[in-house]
Amino acid sequence: MLNLAGMMKASLLGMIILCIGLSLPSNLFGQIQGQEFIPNQGQWPQDVLYMAKEGTQKIWFGQDRFLFEFNDFSDLEAAH
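Per-chain numbering applies: the sequence of each chain, read as written, is numbered from 1 onward. The model is predicted, so local features are restricted to residues of pLDDT at least 70 and side-chain atom pairs to those at 80 or more, both for listing and for counting; the totals for chains, interfaces and linings are taken over all residues. The side-chain values count all of the structure's non-hydrogen atoms but skip hydrogen atoms and water molecules.

**Student:** Can you help me understand the overall build of the protein chain in this one?
**Tutor:** In DSSP terms, a helix is any run of H or I states spanning at least four residues, a strand is any run of E spanning at least two, and both are numbered starting from the N terminus. When helices and strands are counted, the protein chain shows three helices and four strands. Whether two residues are in contact is decided by their heavy atoms, any of which lying within 4.5 Å being enough. For the protein chain, contacts bridging at least 24 residues in sequence account for 18% of all contacts bridging at least 6. Throughout, the Shrake-Rupley method with a 1.4 Å probe supplies accessible areas, and for residues the shown protein chains are the sole cover considered. Of the roughly 6,500 Å² of accessible surface on the protein chain, 61% is carried by carbon and sulfur atoms.

**Student:** I keep staring at the pairing of strand S3 (residues 57-62) and nothing clicks. Help me out?
**Tutor:** Buried, partly exposed and exposed residues are distinguished by accessible area as a fraction of the type maximum, computed with a 1.4 Å probe on protein chains only: under 20%, between the cut-offs, and over 50%, respectively. The buried fraction of S3 amounts to five of the six residues, a majority that puts the element mostly inside the structure. For two strands to pair, DSSP has to find at least two bridges joining them. Where strand S2 (residues 48-54) hands over to S3, the hairpin turn is made up of two residues, of which Gly 55 adopts a positive phi near 65°. Relative to strand S4 (residues 66-69), S3 runs antiparallel, the two being bridged by four bridges. Each residue of the ladder has a partner; that of Phe 61, found in S4, is Phe 66. Between the end of S3 and the start of S4, which pair antiparallel, lie three residues.

**Student:** Explanation requested: the side chain of Asn 40 in the structure shown.
**Tutor:** Mapped onto the elements of the fold, Asn 40 is located in the loop between strand S1 (38-39) and S2. By relative accessible area, which is 19% here, Asn 40 ends up buried. A polar contact is formed between the side chain of Asn 40 and the backbone nitrogen of Gly 42, at a distance of 2.8 Å. N or O atoms closer than or at 3.5 Å make up a polar contact, with two conditions inside protein: a donor-capable atom paired with an acceptor-capable one, and, for residues adjacent in sequence, both atoms drawn from side chains. Side-chain polar atoms of Asn 40 contact the backbone oxygen of Val 48, separated by 2.8 Å. Not counting the four nearest positions on each side in its chain, Asn 40 is found in contact with Pro 45, Gln 46, Val 48 and Leu 49.

In structure tokens, the structure reads:
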């Protein structure tokens, strides 16, 4: 028996990732292109499915959302 709900979720996730890739500035996309998506194996909160990282930039993927995390540590580095 086909799992239509699972197939629809996978298709939706694929479309979201495609839209994200098309909407990212080219320099950011170039920085995360080719990075692996690290699956959550209990090291993060339960609602996180995957994370991709490049330098201080991260993209967190959940079941129904994604989060871009950009950090600038220049002030912290200047203080030390």
